[in-house]
Amino acid sequence: HISGNGLAESRMYAMVHVAVHDAVNAIDRRSRPYAFDANVNGPVSVDAAVAAAARDVLVSVIATLPESPACVASGILEANALYAAALMPIPSGPAKTAGVAVGQAAAAAIVALRAGDGSETTTWLDFDYPQGTEPGEWRFTPDGPPLAFASNYGEVTPFVLAHSGRFWPGPPYPLRSKRYATDYNEIKLLGGDDITTPSTRPPDQTEIGVFWIESSPLAWNRLARAVSVDRGFDLWENARLFGLLNMAMADGYIASWEVKYHYSFWRPITAIREGDNDGNRATQGDSTWTPLQPTYPIPDHDSGHAVQGGVAAEILKQVFGTDDVSFTACSTTVGPGGTCTDATPVIRSYSSFSQAADENAVSRIYIGIHFRKAVEAGVHHGRRIAAYAVHQFMKPVQ
């Protein structure tokens, strides 16, 4: 998990899984390739191909991440160690050698395709982003750093969309509207930290809020793995599932960031602290209002986190053939003693992918960092991106 940077994380995952997908489909084509279109004959180790595809992409991408040299070196070391461990049980010989070559070729194809995609010119920490001054306009949040995060990430070339505005959501509610006041008063009551700001949020909503703070790419890939194992998916089915999931999630971030910095709508903490100046009689301001979770330095609308959930739920629904799948999930952000790696993790249960996506979305209200309009628009935005991805890419072949 790269320093909480879900954008870089999602791009890396997408590239890894495209390479894996294309490698296994070069050996035995069951779905359409994305970047590497080849047919390999003779004995080929598919396990070696998968390992080489993943390793080469990881090493290439990690080397360019906006991280410290020590972090980058550590990541590359770990990728190489995992690669060596994956290759060790595969018997030496022509099949292993051929598999490594196929994986390396698939990795090289997606790395070349994504070179110059705009990610390398992303302004990750934009201290000079022009702040708004009028009601409704985004400005650096008082509980966050004085910067705009990844202000031009919406310009990155998408993986599946022709352009990032393909499924552009509508604008936030007008400040003087009743619907805006309803959303405002909901998060004002629910989203407080219960220290500076009292909250009416019950314990279960607090748990939901904290549970879903974790990285979306991390959480939804973990969830997809569990369901895939339960459904008995084979390597090719998994290659397609995770290729589609991660490409669409990467595009979800790109598309959401384009929308965010277009509307540049203020976050709840700013809105509530400035509530007496927004022209709406139904929104009473509170100059000390403090959310449960510090606000990320990004505009409100739409919620990128909600987009991710919408994308993932729709991909999973489409690939598994139904939304009505029961599963459980854990989290890395619920606090000491309750995380996925602890002896008694906090477990939440779901009866559908949509239920999880909706809970993921409203969690941003419960921690006080997104208006309901932003999360509802985000889920819908993500679902449209995912449905398009499934119908256009990695389609099964006869």
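Heads up: the structure comes first, above all this text.
Fair warning: this is a prediction, and the values are worked out from it, not measured in the lab. (Residues numbered from 1 in each chain as written. Predicted model: local features only at pLDDT ≥ 70, side-chain atom pairs only at ≥ 80, totals over all residues. Heavy atoms only, no water.)

(A) Layout of the packing of helix H2 (residues 46–62) against helix H4 (residues 94–114). Relative orientation of the contacting elements H2 and H4 amounts to 35°, with a least axis distance of 7 Å. The interaxial crossing formed by H2 with H4 has right-handed handedness. In contact with Ala48, Ala49, Ala52, Ala53, Asp56, Val57 and Ser60 of H2, H4 contributes Lys96, Gly99, Val100, Val102, Gly103, Gln104, Ala107, Ile110 and Val111. Each residue belonging to the contact of H2 with H4 can be placed in one class, and the counts come to ten nonpolar, four polar and two charged. (Axes fitted to C-alpha atoms, helices over the stretch in contact; angles between N-to-C directions. Helix = DSSP H or I, 4+ residues; strand = E, 2+ residues; numbered from the N terminus. Left-handed = near helix turned anticlockwise from the far one by under 90°. Contact = heavy atoms within 4.5 Å. Nonpolar A, V, L, I, M, F, W, Y, C, P; charged D, E, K, R; others polar.)

(B) Geometry of the environment of leucine 125. Topologically, leucine 125 is positioned in strand E1 (residues 125–126). Note: C-alpha distance between leucine 125 and valine 397 (272 residues apart in sequence) is 44 Å. The contacts of leucine 125, once residues within four sequence positions are left out, are Leu147, Ala148 and Phe149.

(C) Here's a closer look at the packing of helix H11 (residues 353–366) against helix H12 (residues 372–392). At a closest axis distance of 8 Å, the pairing of H11 and H12 adopts a crossing angle of 145°. For H11 against H12, the interelement crossing comes out right-handed. Between H11 and H12, the contacting residues are Ser354, Ala357, Asp358, Ala361, Val362, Arg364 and Ile365 on the first element and Arg372, Val375, Val379 and Arg383 on the second.

(D) Examining the nonpolar core more closely. By size, the foremost hydrophobic cluster in this structure holds 108 residues, and its most contacted members are Tyr153, Tyr180, Trp220, Trp257, Ile315 and Phe353. Here this core gets 15 residues from one element, more than from any other, and that element is helix H8 (residues 235–263). Ignoring sequence-local partners within four residues, the contact set of tyrosine 180 consists of Tyr173, Pro174, Leu175, Phe265, Trp266, Ala271, Asp278, Asn280, Thr283 and Phe371. One finds Ala48, Ala51, Tyr83 and Leu87 within the second-largest nonpolar core, a separate group that totals seven residues. (Core = buried A, V, L, I, M, F, W, Y, C linked by side-chain atoms within 4.5 Å. Buried < 20%, exposed > 50% of the residue type's maximum accessible area, 1.4 Å probe, protein only.)

(E) Focus on the pattern of salt bridges. Evaluated as defined, the whole model comprises 14 salt bridges. Its salt-bridge partner being aspartate 28, residue arginine 30 comes within 3.1 Å of it at the nearest N-O pair. One salt bridge in this structure joins aspartate 234 and arginine 30, with 3.3 Å as the shortest N-O distance. Taken as a pair, aspartate 234 in the loop between helix H7 (216–231) and H8 and arginine 30 in the loop between helix H1 (6–27) and H2 lie far apart in primary sequence, 204 residues in all. Among the charged side chains, a network of salt bridges with common partners joins Asp204, Glu207, Arg348 and Glu359. (Salt bridge = Lys/Arg side-chain N within 4 Å of Asp/Glu carboxyl O.)

(F) Seen up close, the state of the cysteines. All told, the structure shown has one disulfide when counted by the stated rule. Two residues share a disulfide in this structure: cysteine 330 and cysteine 340, whose sulfurs sit 2.1 Å from each other. Of note, the bridge from cysteine 330 to cysteine 340 carries an S-S torsion of about 105° and is right-handed in sense. Here the residue cysteine 330 occupies a position in the loop between strand E3 (327–329) and strand E4 (348–350), and cysteine 340 occupies one in the loop between E3 and E4, the gap between them amounting to ten residues. Judged by its relative accessible area of 23%, cysteine 340 is partly exposed. (Disulfide = S-S within 2.5 Å.)

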